[in-house]
Each structure stands twice: as structure tokens, then as C-alpha cells.
Amino acid sequence: MKNGSTTKTTASKSAKGEAEEAGARVSADAQGSNGAGDTAEARSFIFLPPPRAEALSVPDPLNERGELVCTDETTLAPAQMRELYRWLQLTRLVEEKLVNLYRQTKVVGGVFRSLGQEATAVGTCYALRPADFITPLIRDLGAVLVKGIRPREIFAQYMAKAWGPSEGRDLNIHFGDIERGFVGPISHLGDMIPVMTGIVLAARMRKKETVAVAYIGDGGMSTGAFHEGLNFAAVQRLPLVVVAEHNWYAYSTPTRKQCAVTNLADKAAAYGIPGYVVDGNDVVACYEVMKKAAEFARAGGGAVLIEAKTYRRKGHAEHDDQRYLPEGELEAWEKRDPLDRYQRHLISNGVATQDALDEITADVRREVEEDAAWAESSPMPEAEKAAYNVFDNSNVPPAFRPKVFGRGE
Amino acid sequence: MKNGSTTKTTASKSAKGEAEEAGARVSADAQGSNGAGDTAEARSFIFLPPPRAEALSVPDPLNERGELVCTDETTLAPAQMRELYRWLQLTRLVEEKLVNLYRQTKVVGGVFRSLGQEATAVGTCYALRPADFITPLIRDLGAVLVKGIRPREIFAQYMAKAWGPSEGRDLNIHFGDIERGFVGPISHLGDMIPVMTGIVLAARMRKKETVAVAYIGDGGMSTGAFHEGLNFAAVQRLPLVVVAEHNWYAYSTPTRKQCAVTNLADKAAAYGIPGYVVDGNDVVACYEVMKKAAEFARAGGGAVLIEAKTYRRKGHAEHDDQRYLPEGELEAWEKRDPLDRYQRHLISNGVATQDALDEITADVRREVEEDAAWAESSPMPEAEKAAYNVFDNSNVPPAFRPKVFGRGE
Amino acid sequence: MSAAAKKEHKSNRPERGGVVTFVEAIRQGLWEEMERDPSVFLIGEDVGVYGGAFKVTDGLLDEFGDGRVIDTPISEAAIVGAACGAALMGMRPVAEFQFIDFITPAFDMLTNYAAKCRYRWGAGVAAVFRGPCGAGVHAGPFHSLNAEAFFMNTAGLKMVEPSTAYDAKGLIKAAIRDPDPVLFFEHKKLYRLPRLREEIPEDDYTVEIGKARTRREGRDLSVITFGAQVLTALDAAEELEKEGLSVEVIDLRTLAPMDREAILATARRTSKVLILHEASRTGGIGGEIAATIAEEAFEWLDAPVVRVAATDTPVPYSPPLEEYHLPQARDVLDAARKLAAY
Amino acid sequence: MSAAAKKEHKSNRPERGGVVTFVEAIRQGLWEEMERDPSVFLIGEDVGVYGGAFKVTDGLLDEFGDGRVIDTPISEAAIVGAACGAALMGMRPVAEFQFIDFITPAFDMLTNYAAKCRYRWGAGVAAVFRGPCGAGVHAGPFHSLNAEAFFMNTAGLKMVEPSTAYDAKGLIKAAIRDPDPVLFFEHKKLYRLPRLREEIPEDDYTVEIGKARTRREGRDLSVITFGAQVLTALDAAEELEKEGLSVEVIDLRTLAPMDREAILATARRTSKVLILHEASRTGGIGGEIAATIAEEAFEWLDAPVVRVAATDTPVPYSPPLEEYHLPQARDVLDAARKLAAY
Ligand SMILES: Cc1ncc(C[n+]2csc(CCOP(=O)(O)OP(=O)(O)O)c2C)c(N)n1
Ligand SMILES: Cc1ncc(C[n+]2csc(CCOP(=O)(O)OP(=O)(O)O)c2C)c(N)n1
Ligand SMILES: [Mg+2]
Ligand SMILES: [Mg+2]
């Protein structure tokens, strides 16, 4: 033994032999821990450097004219590709209408735009089956629409109308519809990850092949609920696909102040699940990655984490002046606009003509105007309705405003 | 464009050129995301398989006679090595005394043994400076003792005596001493990770070179607080070293039901920090790994995760019948007893003779008996003390039991 | 553990009814509900092979399998969240907190998700969240919680705390069948208390949530209480009887929604009310009870409404300290005598 | 944003004193305390470059640097835990919740760690936890919370909620200097309310924690309230004055520890008490106030103690629903008239 200097002895497997000699049937689990047949060279500990220090990025696909388009690697049929365009356009136009209504003070709360990141929500959600479940973030309007929620429901919600799906009780996409596989989020970020874990846990108990998709932001991944939920899903090998929308900001906070990983997908390692990195502004790539992930999950592979690299081009909400943006960043991302890009892609690949796309757009515009008008024409809720449905009212009476003096008034 | 089949286009860097042409100074952060000079082959997304699927283990070092000992790679001086033996022995004998007192019903709460995992706590803590901070788990009595807490304090705490450091208000190692760099835990697992992050955040503000070490179990790592705390420490590059004591069980729950990683150290990846795997039953290796980790953290490298592979040989607490253990597992680990192993190591390396070690043990035994007697002789707290110190009492009066009728009684 | 011991813990099917302890009554309730309804499942830390820290779920894994008795990571927020998600899909989860103290990391999920789902979009979360609560066993500041006041100001959560074996079984069954989220508190001192052993029916029965129970009728004053403190109240009532005082004891059983009718009825009947609970006095649910009486039975009151509760401190560990902290029988006697003499 | 706009937001040093809004008063308080004591620092989501969602910390980053104004990940438990750890080391952290609703994921850290440290081992956690609370701005079920009742039954936490610019500044400074953890609630409706603009002193001052303030003296009945509802109470009092009723308005300012003396004094003075708060009625802190009065001022009471509060529902989003839910001026008038006529 030499002190002060570092020397090595040779590793040997006889410790294991010893244990076996003693007739011990060591469990496969605890067996894995130590002294058990590791062939690496002798060392007193193993150092694991922070993994994947380099940022992973997928290459920008260009068309013959050198313009930025979408990936050609696809299984989508042309009709599907045109439908995808419709969803992208619908998402954008519904949001623009909301901003319009907001400026007219007809929207009661705030408007949170997904401008520039529509491809992530639309592309990933389009890869799901009708019976699958999603829970979106505020910026995943596209996914909500693809899931079958109609623009009129959205408008009525934002305007706090009685005909909105929550009947004016909650705002924007905070509602749900089990039939359509849509579970609206609550504001508290992260909380939906455990909830969606429960959705697929129940589906498995019921022997259903349901996949659940939970969207989460670069910010929301820092919450304890995210960690607890995804870890539990991973342990249970539940078909939960988490889409991490890496749009570089959480309100004003840039990703480097949110976490120290280079790719959000690196976090998959902590849950023992596979991760994907995808160009979140390429709607075809988003579709393809979810198709693979959902298949894997559905086949019993368990949870998957997808990181979609995209960018939030508007502020956190309409009131945000984005003072915190470095100069030029916004402009660089405008060039990657998912809708422009996809339009170029469709045309240069001969999937649709400009005229055909314009027709889709006009059609979408009609739907948006019609639905907005419907929502505008709908009434505000009746005040007394506020008292109902805290509990099942066949069981517990509604919470009427209490009379000030109890006796007989 | 070919549908139904998968084709590839070639990646190009001109998208970046385009952005630069437009004079955009894209922030280094958001720049990293996409289209930016990735040289990998064309693909629409990148797949990251679950990492390190194989369990990492460090080889069992054997002496010339083929007996299991400790690593020879060390910077410890012989006197230090004998001191380490003293701490291990003290830990074991204090616990044995506690069990003794428990059986005599002198201990008020439960006794949670660290039998078989003493080397992790003792070895890692011994590598710290006096000004460094630790927060132990219930099973890290060894670390608490190394940090300078005396056995008498421990005995008095367990017996709920007035002379215990919490004066009977809290149990076992639930107390603290800022002077000695000891912050006792609360029961709620995970909560101490954020707290220790705050400790080193404050130390940095005060321009101190303090390192904080937080011990956590395979179970405690599943909590949201663990995730939030370690992530924040990583972002802030704070010198927080987390020691994950992988003892294979959380109460009755085996690690495979706790998380889906193969090594707890794999979780470091999610925080962008380095990880280590160490043989938790090799006290020398535990010392060396902490030395490296603390140095790295202190030098500004930021947070580190160490996984110590060890085993909890007793039940969760004294009442636990361990019905959930696979046969033979316990016996296999008895052979890896850290104290026996280290004793063999010291003798076969000529660092100490059996006599010298026996003398240390006798000395330790004396201390334990003396301290236990001191604690036994100490009084129970006075009942009315319960009302004091909820708040600073120079500010808010103590919480005396309220008089039943307010007026003048 | 020996093979024999292992075998023994497998043949752990409870009787139906019979003379049972409090813990056995709950275990029967869980077992029968799982047999009755395949949607019912258990989820929590160490509820499976270990049968729960207090063995409330002992034997259920062997009977129902690990598809319906799920050991989880140490993740209370995930346990509650997953229970909510499963409930949305029509399942009937029963989640265990190892100690009620560990409900706090799930406070967000309970108050924001579980409580508000039905109100927000009509989706009732039919889930039960249960676990051992309460002090008096020298378990210190983190294993002695009475959590009811934390949840009292959140509309949408029901809270139940039984004090007899009969009620425990009837209420756990009612909670499982309830269409809304129910927090079910089990005072750990009661689990195996010999005094609580009683004969319960063989037949299926439930106890209605929302209804208090008069445990003892009286004319001179009322003690309104729940959980383990019901025993303190009954003992005090007996003692006071000897002194010629007739004391009514109301066991709330359900804490939310509270049985306002029962509270007001007893206040109007005796005109003197003592509220007794084990949680700290300030901000405890005694305030809500006292306020209800002060507001709606004012004209019937012949004396101040009096609260006997723990001191405004954490629960200390050491026996003399904990005794000082908690309300004691002598405090109830003292208060009751003064109230009677008022 | 233009370069000019960028520059403007940098020269953001507040005056000392002057005529200020509620939010500006708090910002002054934070600024002055950070200048006075290098141990004071800010921590929270978007408190730095963005200056906080409500701009309470606007400009502080530029003045004090990112070593003392720390933008965090979205991790409320870590924010609170780190603040506690830093406080143990002698720092004076001021942590922001972007909305008080997001205090719920930190409920465990606050009630178990922050609240109990001093009691358990003598280590006071001198930290402030602040953020915008309150309803009435159509922000729906998750951005309208009044959280005080959640924490009322946990000994060891102080709670403060000012209703004037003067008090806001004096209390935030007192909170920062306080040796124990203080939850500091800022009603978001008050931040920029023109009515609250007032002249505050140039000199350093604090407002003592634990003391209520009589906002209006009266003889016929008392309204006990706090936060934004103080304005409702004052308006009602003025209206009632015209009807010949003299109404006393007590602004609690500190919710824990409550100013029991002030509560009992006003009850004894007017003998009729109306408690007004914005949180739901059941389990709200009105219960504690009413109970205190019913217990200790019983003989002085000439009428029931009446609570006016929100309905027992989540806070709905749509204006007509939210109006129904929240206590309105007309509810106060109605109750006060009945109380006076009792
Ligand atoms: C637990 C919690 N804390 C704070 C907030 C306030 N908040 C709302 S959105 C937001 C930023 C979210 O960022 P990210 O998760 O990246 O989503 P993005 O807005 O970029 O889509 C914050 C901090 C919240 N909703 N939930
Ligand atoms: C948040 C929380 N939930 C539940 C518990 C109850 N509990 C105490 S110890 C324990 C098991 C801990 O296992 P691990 O973290 O692996 O530590 P070990 O006992 O193995 O050292 C549990 C579940 C707790 N203390 N905290
Ligand atoms: Mg984001
Ligand atoms: Mg463990």
C-alpha cells in the first residue's frame, strides 16, 4: 500500500464466485450493483461526463432552389399533406382572429400566441389515433384543433360565453372532452404529466391501446410534477409521449437559466426512456417522429420524450414587449416560419398548387369567421350558474350565496 | 417527392448563410437550436436510445489472499486511514447502542439502521472541509458523526431528552448546527436538495468557498423537490454534491419500481452535470470520489451527482420484517460488509495491526457508553417549553395554551 | 422471513363483518369494494407486498394482483395526479399517503386539479385519498399531522374522518362510491385500539357522507368533535355525568361538506357548545364550526362557544411536550365545567 | 423593442417617498431594503430582466445585478427551499410567486420546512414570500387565489396583506427585517389603482407586523376585513353613514399572528360585527375571527357575527359568474343594514 500516490490492483471476479459458493441466489436487481462480472479495467469509481454536450440539431432540408422546406422522409399521402396544411392555416387564422377580438376587448383574458411553432402541435397531434389522448399547453391550439375541437368552442371560451365548453367557468383551452381524447390543462405547469400518466394507466387496466401525449415547455420541465409524472410513467412502461416544446423562452426566461442541458431530450436519460430531437418547425418531421414514438409506446415500449426545437415569435402573451430578446433573433426565426416553409414544400414537391392552397385558406377563413360570429352571438352565462357543479349536485346542493342570517330569510 | 416511402435530401448550411446575410445576430442560445452547422447525416429527427443500458459497477478489489478489501488508489495518509476506521466503528456501535436502548423502550421513536452502508456516509463526509455543509438522510449517522456531532447529542435526541440538540422537539438526526456545517433533514424526502442549494447560493453571495453535500436515497430521487433543487443548482453552477445512496430499497419498494434507469448516476444527464458511480461499501473509494467531486464543485464546476452502490441490510426500521427480500440477497451482501472489508484492507496493507484496531474499538466503545449514560441521565424537557420559539419570542409571545374563556382568567 | 411466515401473510382474506378493529374494518371495506367493482384499484407507496406502513392494505396484492395494487415511487404529486387521470377514465382509484403529512407535496394537485375538475368542465374526479393522520404517538413534527384545515377553504374536496370501526368501513365504502374526490383521514391511534373493537354487519353497508352522528345525547352542553378526540369527549361526558352534567357528543364524521344542520341542532338544543379538535387552535376547523354557530344559532346561545384544541405550535416529539401541546381530557373537563357554570 | 425604449427601462430608480401607487410603494420598499442591507436579495420567475409579471421588481436587476436578482427555473418548491437555505446562512431572501396561485406547489416547503425550523432547532428562517393574490380581474380559477386560509393552521408562518400604499411599503420593509418567515400577499387589483395613490414619507419607516389599523371609526357596527375588500368596506361605510349608521372599519393588515386585541376591542365597542373577505366563505379566515369573537366577546355581542365572503366554489372566469361568486358592495350593505336593525 503506497500512500500519497495512486496505485491499482487488478480486478477479479472471484468475489462473485464466493457469493455463489455460499449458495446465495442473489436477486437480479441487487446483483446488478457491485462486484458482479464487470469487465472494465480496475478503478475505484466511474466518472460519467455530462452527456451530449453538443447541441443536436436536425439539418434544414432545402428544395432545388435552395429554399428552406420540409423533410422528404415521409409516409404521408398527398391528401394528408394537404390536410396538414389546412390545420396549420386554421391554427394561425384562429389565433389571428383571437388577437382581433382581443383588441376589440371581446376576449376576457389574455391571448397566448403560438406563432412560429404551429408545426409542432399540428404535426405531432396529426400522427395520433382518434382514441388517443392529448393534453396541450396554452400554445398548442393546433393540437387541440386537430383533436377535433371546433374553432367556435375556442372563440366562445376566450369570450367567456355560456356556449363555450366550460360555460364560462374557465379560460382558453382549459376544458376537456374525454370522448374526443382531449384533456385540457390547468395553469399549473407540470401537473398534467401525472394526470396523463393516470389516463394511460387506466386505459391499460381497461385493456385499451391508448397512447397519451402531453405537451410541455422548456420551462414546465423544471417542475417537480413533470419529474414525478414522467418517472412514474417510465417505471410502469406506460405509453406516454411527452413533447417538449423547446421554444427558447419561458415567459422572459431563456433556456440557459431554466436548465443546464444542451438538449431537452437529454432529460430522457434520467427516466431510462428513449428521446428524440426533431425540427419543430418542420411539420412533416414532427408528424413522422410522433408516428414512431406513438408506435413504440403503443407496442409496450413505454414512455418517450420528444424535443421539438422551435421558437416563440410573439411575447409570452399580447402584453409582453419582449424586451429581453437579443437583437436579430426574431428575424432569424421569421425565416423559418413553419407555414411558409410547408407551403414551399408542398408546391415544390408538386403536392399542391398555389391555387389549391389558396382555396384551403379561403375555406378556413370562412370557417373562422362563421365560428367567431356564432361565438359572438352567444350569451354570457347566467350569474346563478356559478353556484352549480362544485360537487355532483344530485348529491350535494349547489353552493348558493349564503343568506346573511341563517334563520328563515 | 415520393409518398409512402422514405427518401432523403442532402443537408446544407445555406440556411444559416441566409440568416447571416440578413444581418441577424442570432443569440448563441437560440442559434443552437436548428439548421446551425450540424454535420451529421441528413435525417428528419434524431433518436436517442436510453443511455447506459448496462449497469455500471466498479470491480471488487481483492488482497493477495483473494479476500475482498478496499481500493488501493488513495491519497489518504495512514493516520487518516486509521481515523476512518474509528468513524466506521463509532457509527456501528452508536447504532447498536441505539437498538439496545430501543429494546429497553428508552428510545421514543423508531431506530433506522445504516448497517452495511456505513462506508458511504463516513467515506464521503470525511473528504469535506470543516466549513462545508452536509444534510444527511436518516441512514447517514456516519456522516453526522464525522461532521462533529457527538454521540451524546444523538442519544439524547433519540431519547427525546431536554439536553438533546432539539430539546426534545424533534427526533433522531432532525436538528442542525450551522457552525458545524450540519443541516438536519426533515422527514419529507427531497426537500433538502433545494435547501442545500440555498446554502451554497448564500455562501457564494458571501464569497465563501463552501461545498454542500446532500444525501438522498434511491427513493427520495423520485420526488419533485429533488428534481427542482438539483436542476436549479445545476443552472446556477452551484457547488452542490448530491450523494445518491443506492441501497436497493425504499422501505419495501425495490429500485426497479422506483425508477427505470440502470444506474442512479444516469440521472445526472438530465441536469447537465457530471455523475460518478462508486462502490458504496468501499470506504476508501467513497472518500476518493467525494474528494474529486468536491474539488470540481469548489473550483466552479457546479453540481455533481455521485451514486454509491450499497445495500440496506436491516429493514426500513426496527419493526420491518423484510418479507419482501429475495432469498439469499442479504447473505450475499453480508460478505461485503464495509467494516470487515476495511479491517482486512488495513491489516493486509500494513496500515494497522489487529491490536491497534481493537484498541480503537475499545476506545469507541468507551465513548459510546459514556455518552449514552450522559444522555440517559439527562432530564426530559419541561412541558411548558413546548410553547416557546415558534417565532422569535422577543417579537411574538410564546404560544401558551389559551385560557378557555378570554376574560380575565 | 421464514417460508412459513411468508405463507401466513398470503392467506390474509378478511372476514365479512364480525368483531373487528378499526384497521380491519377499513381493510374489509377496501377488499369488498375491490371485489364488487373492477374499477377500484389501490395506488401508493409500499401498499403492495408490504401492505402499507400500517398494514391497511395487507393481503390485497396477493388477492388482486399488481395490476390493481400499485406500488409507486416516492412521488405524492404523481400518485394524486395519476389517480385523477385514472378517475377521468372511469376508474375508482384509492390512493394512500404513507402518513397524511405527505399529503403536502400533493397539495397543488389536490386543490387545483382534483378539486376543480368538475366545476371547470364537468369531469368529476371520483377518487379517494387516504392515510394515517393524527398525533399522540410521539412521532414528532412530521408524522403527526391533522390536515383537515388545509383543505377546508377549497371548494370541491370532501373530507371524512371516522372514529368507530363501523363508520370506518361504511365511510370508506361510501367514499369509494362517491362521484367526487374524498380525503379520508384515519387516526393512527385508532387503528388497533382494543376499545374500538366492535361487531359490524356481515352485509354490505355504507355510511352517508355529510352526516354527523350523535354519539351521546345530552341537555346541558354539546361537545362537537371528530376522530380520536371523540373518545376524549365520551370519557369527559361520562365523568361529567357523575357530576350531574348531561353532555351531548357530536361526532362530525364528515368534515367537508360539514353537517351544518347537526351542528346547529345541537347548539340550539343545549345552548352551550364546546368544540374539540386535535389540530392547532388557530386556523383549525373549529373556527368554521364556531363561526357557523355564532352566525346562525346566536339567539340560542347561553354562553361563549368554546374551542379546546392544540397549542399553536408544531407537534413536538418528546412526551411531556406533546402532552402539553395536545388537548387533554382535563382540558375538556375544565372547559365543560366552566361552560356549564356560565 | 427600440433602443430608446430599452434605455428608458434601465433608468428606473424609484423616488424615496412622494405620491405613489401601491405597486410603486412596494418597489420602493424592496429597493431601499436592498440598498440598506446587502443580505437582501430577490429570487423568482422572471423577476430579473422582465421585472416580474406585474413589474414589481422592475429595474432592480440593473441596479443590483444578477447576483442579487435571480431569475429561476419554474420551480416553486426550489425557490422556497433555496430561500430557506439562504436564510439559514444569514441572508434575507425575498422570493416572488408569479401569482400566489403558484404557492401551492411550495406548500410542503413552506409548512414543513420554513414554518418549523425555528421551533425544531432554533434556526429562524428570515425570508419573505410575496406575490400577487386576489380575484375580480376575470383571471379564472388559477390566477385569482386568496391563499391565507391554507396557511392559517400552520404555526410558524406570518401573513401580511396591505391595503394602502403607505402600509405596503412599511410592511414589506418590516417583513424583510422580520426574523421569521413572512408570506406577503399583494392584491393585484390594488397595484395600479388610482384611488390608492397617496403621499408617503421620504424617510425610512416600517409598519409593525401584527397590528391592525382602524380605517374608520364608528359606533353602530364593525366591519373587519383586509386587502382589496377594505375598499368595499369603506365605500359601504360611507353609504351607510348617509343612512345614519356609524360603521367602524378595521383593516387587519397582518393575518397571522392576528391582532386579537384589535378584533376584540372593536367587537366590544360596537357589539355588532361583520367580517368580510374575498376567499370562499367555508374554511376562510373569517371563521377564525368569528370564533375569536364568539369565544371572547360573547357578552358584548348584540347580534350574530356575520360573514360576507365568496361562495364555496372555485373562482369562475366569466364576469357574471365571477361577480356572483365574489362578495359585492351590495352584499355588505345588505348585511350591515340587517345587522344594524337586529
Ligand atoms: C407551476 C407554475 N409556475 C408558474 C407559472 C406561471 N407561468 C405561466 S406560463 C410560464 C412560462 C412557461 O414557459 P414554458 O413552459 O417554456 O412554455 P411556453 O410559454 O414557452 O410555451 C410561467 C412561468 C405557471 N403557470 N405554473
Ligand atoms: C415525501 C415523502 N414521502 C413519503 C415518505 C415516507 N418514507 C420515509 S422513508 C421512505 C423510504 C425512503 O427510501 P430511500 O429514499 O431509498 O432511503 P433509504 O431509506 O433507503 O435510505 C419513505 C417512503 C417520506 N419520508 N417523504
Ligand atoms: Mg418555452
Ligand atoms: Mg433506499
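What you see is a predicted model; the values in this text were computed from it and never measured.

Rules of the game
- Residues numbered from 1 in each chain as written.
- Chains lettered and ligands numbered in written order.
- Predicted model: local features only at pLDDT ≥ 70, side-chain atom pairs only at ≥ 80, totals over all residues.
- Heavy atoms only, no water.
- Contact = heavy atoms within 4.5 Å.
- Buried area = accessible area lost by both parts, 1.4 Å probe.
- Salt bridge = Lys/Arg side-chain N within 4 Å of Asp/Glu carboxyl O.
- Polar contact = N/O pair within 3.5 Å; in protein donor to acceptor, adjacent residues only side chain to side chain.
- Helix = DSSP H or I, 4+ residues; strand = E, 2+ residues; numbered from the N terminus.
- Nonpolar A, V, L, I, M, F, W, Y, C, P; charged D, E, K, R; others polar.
- Expected span 1.5 Å × (residues − 1).
- Buried < 20%, exposed > 50% of the residue type's maximum accessible area, 1.4 Å probe, protein only.
- Right-handed = clockwise from strand over helix to strand, strands pointing away.
- Pairing = 2+ DSSP bridges.
- Donors = N, O, S within 2.8 Å, 3.2 Å for Na, K, Ca; no water.
- Domains from an automatic or database assignment.
- Core = buried A, V, L, I, M, F, W, Y, C linked by side-chain atoms within 4.5 Å.
- Axes fitted to C-alpha atoms, helices over the stretch in contact; angles between N-to-C directions.
- Phe/Tyr/Trp six-rings, centres within 6.5 Å; stacked < 30°, edge-to-face > 60°.
- Lys NZ or Arg CZ within 6 Å of the ring centre and 35° of its normal.

**Re the interface of chain B and chain C**
- Each partner contributes to the interface: chain B provides 48 residues, whereas chain C provides 50 residues.
- Taken over both partners, the interface formed by chain B and chain C buries close to 4,000 Å², and the fraction arising from carbon and sulfur atoms is 62%.
- Taken together, the connections running from chain B to chain C amount to 3 salt bridges.
- In this structure, C:D331 engages B:R401 in a salt bridge whose closest nitrogen and oxygen atoms are separated by 3.8 Å.
- On the surface where chain B and chain C come into contact, there are 17 residue pairs in polar contact (both at pLDDT 80 or more).
- Mapped onto the side of chain B that touches chain C, the elements with two or more residues apiece are α6 (151-158) and α9 (255-258) of chain B.
- Residues that form the side of chain B that touches chain C fall into these classes: 21 nonpolar, 14 polar and 13 charged.

**Comments concerning helix α4 (residues 76-88) of chain C**
Residues and elements named next belong to chain C.
- For α4, spanning 13 residues, the distance from its first C-alpha to its last is 18 Å, which sits close to the expected 18 Å at 1.5 Å a residue.
- The buried fraction of α4 amounts to 13 of the 13 residues, a majority that puts the element mostly inside the structure.
- One or two steps after α4, the chain reaches G90, where phi turns positive at roughly 95 degrees.

**Quick word on the pairing of strand β9 (residues 275-279) of chain A**
- Within β9(A), 5 of the 5 residues are buried, leaving the element largely enclosed by the surrounding structure.
- Neither face of β9(A) is open: one carries A:G275, A:V277 and A:D279, the other A:Y276 and A:V278, and all of them are buried.
- Remark: the β9(A)/helix α9 (residues 283-301) of chain A/strand β10 (residues 304-309) of chain A crossover connection has right-handed handedness.
- Looking at chain direction, β9(A) and strand β1 (residues 45-48) of chain B are connected through 4 bridges and run antiparallel. Looking at β1(B), one finds that A:Y276 is bridged to B:F47.

**Things to note about the coordination of the magnesium ion (ligand 4)**
Residue and element names in this part refer to chain B.
- The protein atoms that coordinate the magnesium ion (ligand 4) are D218 (OD), N247 (OD1) and Y249 (O), at distances of 2.1 to 2.4 Å.
- Donor residues for the magnesium ion (ligand 4) sit on one chain with the sequence pattern D-x28-N-x1-Y. Here D218, found in the loop between β5 (212-217) and α8 (224-235), pairs with Y249, found in strand β7 (residues 249-250); they are 31 residues apart in sequence, far enough to count as distant. The two residues D218 and Y249 agree in class, both being buried.

**Observations concerning the coordination of the magnesium ion (ligand 3)**
Residues and elements named next belong to chain A.
- At this site the magnesium ion (ligand 3) is bound by D218 (OD), N247 (OD1) and Y249 (O), with donor distances of 2.1 to 2.4 Å.
- For the magnesium ion (ligand 3), the single-chain donor residues occur in sequence as D-x28-N-x1-Y. The two residues N247 and Y249 agree in class, both being buried.

**Re the domain arrangement of chain C**
Residues and elements named next belong to chain C.
- When its domains are assigned, chain C resolves into domain 1 (3-200) and domain 2 (213-340).
- If you average the C-alpha positions of domain 1 and of domain 2, the two centres end up 27 Å apart.
- In this assembly, 29 residues from domain 1 lie in contact with 28 residues from domain 2.
- Both faces considered, domain 1 and domain 2 share a buried interface measuring about 2,200 Å² in area, 59% of it formed by carbon and sulfur atoms.
- The largest contributions to the domain 1 side of the interface with domain 2 come from H138, M152 and R195, which together make up 25% of the buried area.
- Across the contact surface, domain 1 and domain 2 share 3 salt bridges.
- Taken together, the connections running from domain 1 to domain 2 amount to 14 residue pairs in polar contact (both at pLDDT 80 or more).
- At the level of elements, α7 (148-151), β6 (158-160), α8 (165-177) and β7 (182-187) are the ones that each hand at least two residues to the side of domain 1 that touches domain 2.

**Considerations on the environment of D:R120**
Residues and elements named next belong to chain D.
- For R120, the location among the structural elements is in helix α6 (residues 117-121).
- For R120, a relative accessible area of 0% translates into the label buried.
- Along the chain, R120 and A87 lie 33 residues apart, while their C-alpha atoms are 16 Å from each other.

**Let's talk about the nonpolar core**
- Counting residues in each nonpolar core, the largest one holds 344 residues, and the members touching the most others are A:I154, B:I154, B:L240, C:Y113 and D:Y113.
- Beyond its immediate chain neighbours, meaning those up to four positions away, A:I154 contacts A:V94, A:L98, A:L141, A:V144, A:L145, A:I149, A:I173 and A:F175.

**Topic: the sheet that holds strand β11 (residues 247-251) of chain C**
All names here are of chain C.
- An order of β9-β11-β10-β13-β14 is seen for the 5 strands of this open sheet, with the pairing classed as mixed. The two strands at the open ends of the sheet, each matched to only one other strand, are β9 (213-216) and β14 (306-310). Adjacent strand axes in the sheet meet at a mean angle of 25 degrees when their direction is disregarded.
- As paired elements, strand β13 (residues 273-280) and β14 share 4 bridges and run parallel to each other. Residue pairing for β14: L274 is matched across the bridge by V306.

**A few points about the packing of aromatic side chains**
- Counted by the stated rule, this structure contains 45 aromatic pairs over all chains.
- Residues C:F22 and C:Y191 carry aromatic rings whose centres are separated by 6.3 Å and whose planes lie at 50 degrees to one another, so their mutual orientation is tilted. Here the residue C:F22 occupies a position in helix α2 (residues 22-36), and C:Y191 occupies one in the loop between β7 and β8 (198-200), the gap between them amounting to 169 residues.
- Relative accessible area serves as the criterion here: at 1%, C:Y191 is assigned to the buried category.
- The ring of D:Y324 has A:R401 sitting right over it, with the charged end atom 5.6 Å from the ring centre.

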